[in-house]
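For reference, the chains in residue letters:
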Amino acid sequence: MRTILALGGGGFTAQPGDPALDELVLQLAGSPVPRILFLPTASGDPQEQIARFHAAFGDRPCEPEVLSLFRLADVRRPLRDIVLSQDVVYVGGGSMRNLLAIWQVHGLDRLLRDAWERGVVLAGLSAGAMCWFQGGVTTSAGAPQPTPGLGFLPGSLSVHADGQPSRRPVYLRAVCAGTLAPGWLVDDGVGLLFRDMELERVVSARPRARASRVDVVEGATVVTAIEPDLIAPAPRGVSADVRELRAMRYGSPRD
Amino acid sequence: MAFGGGGFSMDAGNPLLDDYVLRLTGVQRPKVCFVPTASGDADHYIVRFYRTFAALGCEPSHLSLFRRDRTAATGDPAEHLLAQDLVYVGGGSVVSLLGTWRAHGIDLALAEAWRRGVVLCGLSAGSLCWFAEAVTAFHGAPRRVEGLGLLPHSNCVHYDGEPARRQEYRRFVRDGMCAGYAADDGAALHFVGTELHRAVASRPGKRGWHVARRGERVVERRLATVDLGAPVALAA
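Predicted model only: the values in this text are computed from it and were never measured.

*Asks:* Help me understand the pairing of strand 4 (residues 88–91) of chain A in this model?
*Replies:* Residue and element names in this part refer to chain A. What you see with strand 4 is no split at all: Val 88 and Tyr 90 on one side and Val 89 and Val 91 on the other are buried throughout. Looking at chain direction, strand 2 (residues 35–39) and strand 4 are connected through four bridges and run parallel. Within strand 4, the residue paired with Leu 37 across the bridge is Val 89.

Below is the structure:
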């Protein structure tokens, strides 16, 4: 089965993070120790995001790996092997326009479609969530504007509905005008879980976060609120030796 | 001005290539825009650019294509580029660089800036990008990549630093890649229009090369290279 988890924002790259979402991502993989690949392409592969990924997943039962398309000099395996050998591919936020342009020149778009069709779970937030849809609203050029995505999933997505409210009117106008297909508006901390083409579940790691469905009925946009299932992280502790190893590898945590 | 390597990002403390390219602008206090796209707009790289160029008597700025929503500067990146005296392109992945530029129309803006006389320079990926064809060895074996084509030649960088690149470049030219120019780390190729004006170097022994096919053979010719560090011969 093909699976995509599209997050409106938040997650481990934001502070304070949403550990319940990280947990859900690993659960979806359906493997006791899933291999999870982080793609920080949309932000230009910054060390800070990579360190946060390791901090979020480094002491969970998984095999975390990072693919940095800006540092391929250090990469020995072919990209195809790296992508298709994963259980989960997690795409970070940033510039959606850059993300898609860079993926295209490296052939990542085709590899990710193959991975998805073979059952690799695709997850991502912000630009890394909108990219799977037919389109979204990007601030890649400054002001929010509609932009096409990869179109694995039908419909469109607009993210950060609570944190960046200037996206909302742009999104509603684009859907009404037909520039974007009908779709969803989601807050930070909210995830849309798709199995094949169907929206199976809407979850939230934050109590007041919301999602909405946006349709056009007789020429008018209709916004319908969706109540997400609130998910909470299981309590967990980080052992002293894991903390020490992480400090050695990635330095002490900083803001 | 295509650097095989060197300048502030590879050869801190040796300002000869950066000084040379600043003088090419012919302006007392040149406006210099750093374009760090090939590194993914790496913060440490941008900071090093400002540290270096703020001390060199110019008006530095940078163009970030990953954080356009958060960059106070510029507005329209094309306008900003056209207003510069020098555009300085950093190193990194030339494939990612070209893909990102095309998505933002920066390829067209730079071609226009070049036609209007803005000096363009860069090292490594920032050199390869100006040519019709180039050799990238950023991931795995060296391979051919098409650049912006402002210069109708091929290009290879780090010519003395990475023997595999040199071998592959010669093989590509033998197999049909257009003739072109290579530069050692610390050497740079100065083009006026589409023709090579001169090769210069920031260190003795570093040079530029011309590589072309003659029949079935590849002929590699050392270019007379001006050592920018050599004391100028005094007139008798």
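*Asks:* Explain the environment of Leu67(A) to me, please; I cannot follow it from the model alone.
*Replies:* For Leu67(A), the location among the structural elements is in the loop between strand 3 (63–66) and helix 3 (79–84). Among residues more than four places away in sequence, those in contact with Leu67(A) are Leu37(A), Leu39(A) and Ile82(A).

*Asks:* Help me out: how do you make sense of the interface of chain B and chain A in this one?
*Replies:* Note on interface size: it is often stated as the accessible area lost on association of the parts. Contact with chain B, which involves 20 residues of that partner, is made by 22 residues of chain A. For the side of chain B that touches chain A, the residue count by class is seven nonpolar, nine polar and four charged.

*Asks:* I keep staring at the sheet that holds strand 3 of chain A and nothing clicks. Help me out?
*Replies:* Strand pairing in a sheet relies on backbone hydrogen bonds. The paired strands run either parallel or antiparallel. All names here are of chain A. Overall, mixed pairing links the eight strands, which are arranged 3-2-4-5-1-10-11-14 in an open sheet. The sheet terminates laterally at strand 3 and strand 14 (229–230), the two strands that pair on one side only. By the bridge criterion, six bridges tie strand 10 (residues 190–195) to strand 11 (residues 198–204) in an arrangement that is antiparallel. Among the inter-strand pairings, Leu 193 is bridged to a residue of strand 11, identified as Arg 201. Packed onto the sheet, helix 1 (residues 19–29) meets strand 1 (3–7), strand 2, strand 4, strand 5 (121–125), strand 10 and strand 11 and runs at close to 175° relative to strand 1. Strands in contact with helix 2 (residues 47–57) are strand 2 and strand 3; relative to strand 3, the strand with the most contacts, it is inclined by about 175°.

*Asks:* Help me understand the packing of helix 4 (residues 96–106) of chain A against helix 4 (residues 94–104) of chain B in this model?
*Replies:* Pairs of packed helices are described in terms of their axes, by the angle between the two and the distance that separates them. At a closest axis distance of 8 Å, the pairing of helix 4 of chain A and helix 4 of chain B adopts a crossing angle of 135°. Relative to helix 4 of chain B, the element helix 4 of chain A lies oblique. Our pair here, helix 4 of chain A against helix 4 of chain B, has a crossing hand that is right-handed. Taking contact as the criterion, the partners of Arg97(A), Asn98(A), Ala101(A), Ile102(A), Gln104(A), Val105(A) and His106(A) in helix 4 of chain A are, on helix 4 of chain B, Val95(B), Ser96(B), Leu98(B), Gly99(B), Thr100(B), Arg102(B), Ala103(B) and His104(B). Among the residues making up the contact of helix 4 of chain A with helix 4 of chain B, the classes are represented as six nonpolar, seven polar and two charged.

*Asks:* I would appreciate a short explanation of the environment of Ala181(A) in the present structure.
*Replies:* Counting through the fold element by element, Ala181(A) comes out in the loop between helix 7 (167–177) and strand 9 (183–186). Linking Ala181(A) and Asp215(A), residues 34 residues apart in sequence, is a C-alpha distance of 8.5 Å.

*Asks:* Teacher, can you tell me more about the sheet that holds strand 12 (residues 208–214) of chain B here?
*Replies:* Residue and element names in this part refer to chain B. Strand order in the open sheet formed by six strands is 7-6-8-9-12-13, and the pairing between neighbours is mixed. The sheet is open, and its two edges are formed by strand 7 (143–146) and strand 13 (217–222), each paired on a single side. Strand-to-strand twist of the sheet, defined as the mean angle between neighbouring strand axes without regard to direction, takes the value 25°. As defined by bridge partners, strand 12 adjoins strand 13 across six bridges and the pair is classed as antiparallel. Bridge pairing links Arg 214 to Arg 217 in strand 13. This element, helix 7 (residues 163–174), spans strand 6 (131–136), strand 7, strand 8 (151–156), strand 9 (180–183), strand 12 and strand 13 of the sheet and lies at about 35° to strand 12.

*Asks:* Please clarify how the nonpolar core should be interpreted in this entry.
*Replies:* Considering soluble globular proteins, one finds that nonpolar side chains tend to be buried as a cluster. Judged by nonpolar contacts, the single largest core of 140 residues is most densely connected at Val89(A), Val87(B), Val94(B) and Ala183(B). Tallying contributions element by element places helix 4 of chain A first for this core, with seven residues. In contact with Val89(A), other than residues within four places in its own chain, are Leu37(A), Leu39(A), Val83(A), Leu112(A), Ala115(A), Val120(A) and Leu122(A).

*Asks:* It is not clear to me how the confidence of the model for chain B should be interpreted in this structure. Could you clarify?
*Replies:* Any region with low pLDDT has predicted coordinates that should not be read closely. Overall, the predicted model of chain B reaches an average pLDDT of 92, with 95% of residues at or above 70. Two numbers describe this predicted complex: its pTM, 0.87, and its ipTM, 0.83.

*Asks:* Sorry if this is basic, but what is going on with the environment of Ser126(A) here?
*Replies:* Residues and elements named next belong to chain A. One can find Ser 126 in the loop between strand 5 and helix 6 (127–130). Ser 126 gets classed as buried once you count the C-beta atoms within 10 Å, which come to 33. Each C-alpha atom of the pair Ser 126 and Leu 157 lies 9.3 Å from the other, and the pair is 31 residues apart in sequence. Apart from the residues within four sequence positions on either side, Ser 126 is in contact with Gly 9, Gly 93, Val 159 and His 160.

*Asks:* Mind showing me how you'd approach helix 5 (residues 106–115) of chain B here?
*Replies:* One turn of an α-helix holds 3.6 residues; hence residues three or four places apart share an orientation. Residue and element names in this part refer to chain B. All of the buried residues in helix 5 are Ile 106, Ala 109, Leu 110 and Ala 113. Projected down its long axis, helix 5 carries its buried residues within an arc of 95°, all on one side. Among the structural elements, helix 3 (77–82), strand 4 (86–89), helix 4 and strand 5 (119–123) are those in contact with the buried residues of helix 5. Downstream of helix 5 by a residue or two, Gly 117 has a phi angle that is positive, lying close to 100°.

About the cut-offs
- Residues numbered from 1 in each chain as written.
- Chains lettered and ligands numbered in written order.
- Predicted model: local features only at pLDDT ≥ 70, side-chain atom pairs only at ≥ 80, totals over all residues.
- Buried ≥ 20, exposed ≤ 12 C-beta atoms within 10 Å, placed from the backbone.
- Helix = DSSP H or I, 4+ residues; strand = E, 2+ residues; numbered from the N terminus.
- Pairing = 2+ DSSP bridges.
- Contact = placed C-beta atoms within 7 Å.
- Nonpolar A, V, L, I, M, F, W, Y, C, P; charged D, E, K, R; others polar.
- Axes fitted to C-alpha atoms, helices over the stretch in contact; angles between N-to-C directions.
- Parallel < 35°, antiparallel > 145°, perpendicular 65-115°, else oblique.
- Left-handed = near helix turned anticlockwise from the far one by under 90°.
- Core = buried A, V, L, I, M, F, W, Y, C linked by C-beta atoms within 7 Å.
- pLDDT = per-residue confidence, 0-100.
- Arc of directions from axis to C-beta.

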